[in-house]
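Commentary on secondary and tertiary structure
Here's the letter readout for the chains.
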Amino acid sequence: MFYVVTLLLSPLILLLGDYEYSRAEILFGLGIYAVFLPFLFLNHRWAIIVLCLLYLFDKIAMIIQNPIAAISSILFGALVVSWSYKTFKVATELKRINSGEAVNPDVFD
C-alpha cells in the first residue's frame, strides 16, 4: 500500500513544488501510473518493474530540474526500489503458491 501511495504522491509533489512542469504534463504522468496500477494489484511482475523504472526516471527528472531536492528524491527512489524488490519476491512466491509448489516462508519476512 505504501508503494502505491508513494507512486501517486510523486506527481502531486510536482504540482505543489517549484518545478517547471505544466498541469497537463503532471496529469499525463499520473495517468501513466494509473494505467499500470491494476496490473500491480494483480501481481504482474512486469508491472512492478515498469512502475519502479518509471518512478526512478521521474525522480531523475526531478533532480535535474531542482538539484536542491536531490536528497529527498534519492531517499524516496531508494525506498521504492527496496519496496519493488520485496513486492517482486512476494509476487513470485504467490505465483508458485498458485501453481501448487511448496511455500517458502522466508520470502514474506
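The notes below deal with the structure included here. Computed from a predicted model, the values in this text were never measured in an experiment. (Residues numbered from 1 in each chain as written. Predicted model: local features only at pLDDT ≥ 70, side-chain atom pairs only at ≥ 80, totals over all residues. Heavy atoms only, no water.)

**Topic: the overall build of the protein**
Basically, it comes down to this: Only DSSP runs of H or I reaching four residues or more are called helices, and only runs of E reaching two or more are called strands; each is numbered from the N terminus. For every residue, the accessible area obtained with a 1.4 Å probe (protein chains only) is divided by the maximum for its type, and the residue is called buried under 20%, exposed over 50%, and partly exposed between those limits. Here a residue-residue contact requires only that any non-hydrogen atoms of the pair lie within 4.5 Å.
Secondary structure summary: the protein contains 4 helices and 0 strands in total. Across the protein, helices and strands are ordered from the amino to the carboxyl terminus as α-α-α-α. Across the 109 residues in the protein, those meeting the buried criterion constitute 29%. In the protein, of all internal contacts separated by at least 6 residues, the share reaching a separation of at least 24 is 55%.

**Quick notes on helix H2 (residues 23–41)**
Keep this limit in mind: Each helix should span, by expectation, one fewer than its residue count multiplied by 1.5 Å. Note on bend: the value at a residue is the angle between axes fitted to the seven residues ending there and to the seven starting there.
Taking 1.5 Å of rise per residue, the 19 residues of H2 would be expected to cover 27 Å, and the 27 Å separating its terminal C-alpha atoms lies within 8% of that figure. Of all bends in H2, the biggest is about 25 degrees, found at valine 35, and the proline proline 38 comes one to four residues later. A positive phi of about 60 degrees marks asparagine 43, the residue just after H2.

**Remarks on the packing of H2 against helix H3 (residues 45–65)**
Rule in force here: Lines are fitted to the C-alpha atoms to define the axes, a helix being fitted only along its stretch in contact, and any angle between axes, read from their N-to-C directions, falls within 0 to 180 degrees. In these notes the angle categories are as follows: under 35 degrees is roughly parallel, over 145 is roughly antiparallel, 65 to 115 is roughly perpendicular, and the rest is oblique. The crossing is said to be left-handed when, going from far helix to near helix, the turn is anticlockwise and less than a right angle, and right-handed when the turn is clockwise. Polarity classes work like this: nonpolar for Ala, Val, Leu, Ile, Met, Phe, Trp, Tyr, Cys and Pro, charged for Asp, Glu, Lys and Arg, and polar for all others, with Gly in that last group.
One can describe the packing of H2 onto H3 by two numbers: an axis separation of 9 Å at closest approach and a directional angle of 150 degrees. Comparing their axes, H3 and H2 come out roughly antiparallel. Crossing handedness for the pair H2 and H3: left-handed. For the pair H2 and H3, contact is made by Ile32, Tyr33, Phe36, Leu37, Phe39 and Leu40 and by Trp46, Ala47, Ile48, Val50, Leu51, Leu54, Tyr55 and Asp58, respectively. For the contact of H2 with H3, the residue count by class is 13 nonpolar, no polar and 1 charged.

**Focus: the pattern of salt bridges**
Stated precisely, the cut-off is as follows: The salt bridge criterion pairs a side-chain nitrogen of Lys or Arg with a carboxyl oxygen of Asp or Glu, the two atoms within 4 Å.
A complete count under the given rule lists 1 salt bridge for this structure. Between arginine 96 and glutamate 93 there is a salt bridge, and its shortest N-O distance comes to 3.0 Å. Of this pair, arginine 96 and glutamate 93 are both found in helix H4 (residues 70–99), 3 residues apart, which corresponds to roughly one turn of the helix. The buried category is assigned to glutamate 93, whose relative accessible area is 0%.

**Some thoughts on unusual backbone geometry**
Here the phi dihedral of asparagine 43 falls at roughly 60 degrees; this positive angle occurs in a residue that is not glycine. You can see asparagine 43 is positioned in the loop between H2 and H3.

**What about the packing of H3 against H4?**
As a packed pair, H3 and H4 sit with axes 9 Å apart at the nearest point and diverge in direction by 175 degrees. The angle between the axes of H3 and H4 places the two elements in the roughly antiparallel class. Looking at the contact of H3 with H4 residue by residue, the class counts come to 14 nonpolar, 5 polar and 3 charged.

**A few points about the environment of leucine 37**
Relative to the helices and strands, leucine 37 resides in helix H2. Residue leucine 37 is classed as buried on the basis of its relative accessible area of 9%. Considering only alpha carbons, one finds leucine 37 and isoleucine 48, 11 residues apart in sequence, at a separation of 9.0 Å.

**Some details on the environment of cysteine 52**
With respect to the secondary-structure elements, cysteine 52 resides in helix H3. Separated by 25 residues in sequence, cysteine 52 and glycine 77 place their C-alpha atoms 8.7 Å apart.

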